[in-house]
Amino acid sequence: MRRPILIHPDPRLRKICDPVTEIDDDIRVLANDMLETMYDAPGLGLAAPQIGVNLRMLVMDCADKEGGQAPEPTCVINPEILLRSDDINVREEGCLSFPGMFSDVERPADVRVRYLDQHGKEHERDFSGLWATCMQHEIDHLNGTLFIDHISTLKRQRINTKMKKLKRELARED
């Protein structure tokens, strides 16, 4: 089931999420809902707080489908970054909670993450390139951090102004 995505500024996007304590059918349904929501948006990643669920859970799929790669839906529960590379990538990032807003963000080029999947299996996996950027972006959401927190004050102010205007326009449409 597709779920509505929270739009910035929404105070729920700034909350630190609680760990998932039990992986059960409800969590698996949530994972499927999040993937459906992410693909429908369309996006590369989605964190649970973006749909108003205060749990340390995210989904992502950075497979290059246009380049012929098969989809790689990935559910990540209670992620922990174990290693960050010294090498830095600068990528243009956007966010489903910031429709139409993009900015260059610096992040480590590679990360190693330990997490559980929707079946409770533990993984320790290295992510690089776009996958590393997306993983870090989504983990930030779980910690109440947004991509705009990584950019200059001036750029952040411009995006915040545009988002407040967009929320007012959306409220008028309802």
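Placed above this text is the structure.
Analysis parameters
- Residues numbered from 1 in each chain as written.
- Predicted model: local features only at pLDDT ≥ 70, side-chain atom pairs only at ≥ 80, totals over all residues.
- Heavy atoms only, no water.
- Helix = DSSP H or I, 4+ residues; strand = E, 2+ residues; numbered from the N terminus.
- Expected span 1.5 Å × (residues − 1).
- Buried < 20%, exposed > 50% of the residue type's maximum accessible area, 1.4 Å probe, protein only.
- Contact = heavy atoms within 4.5 Å.
- Polar contact = N/O pair within 3.5 Å; in protein donor to acceptor, adjacent residues only side chain to side chain.

Enquirer: Is there a simple way to explain helix α1 (residues 25-40) in this structure?
Expert: Three or four residues apart is the spacing at which side chains of an α-helix point the same way, because the helix has 3.6 residues per turn. The end-to-end C-alpha separation of α1 is 22 Å, in line with the 22 Å expected for 16 residues at 1.5 Å each. Taken together, the buried positions of α1 are I27, L30, A31, D33, M34, L35, T37 and M38. Summarising the contacts, the buried residues of α1 are in contact with β1 (45-47), β2 (57-60) and β3 (74-84). Measuring from the side-chain oxygen of the N-cap residue of α1 to the backbone nitrogen of D26 gives 3.1 Å; that N-cap residue is D24.

Enquirer: In this structure, what is going on with the side chain of E93? I would like to understand it.
Expert: Mapped onto the elements of the fold, E93 is located in strand β4 (residues 88-95). Taking the relative accessible area as the measure of exposure, E93 reaches 4% and is therefore buried. For E93, the side chain forms a polar contact with the side chain of H137, separated by 2.7 Å. Leaving out residues up to four positions away in the same chain, E93 has contacts with M101, F102, S103, V105, R107, T133, H137 and F147.

Function-wise, these values are silent; they only describe arrangement.
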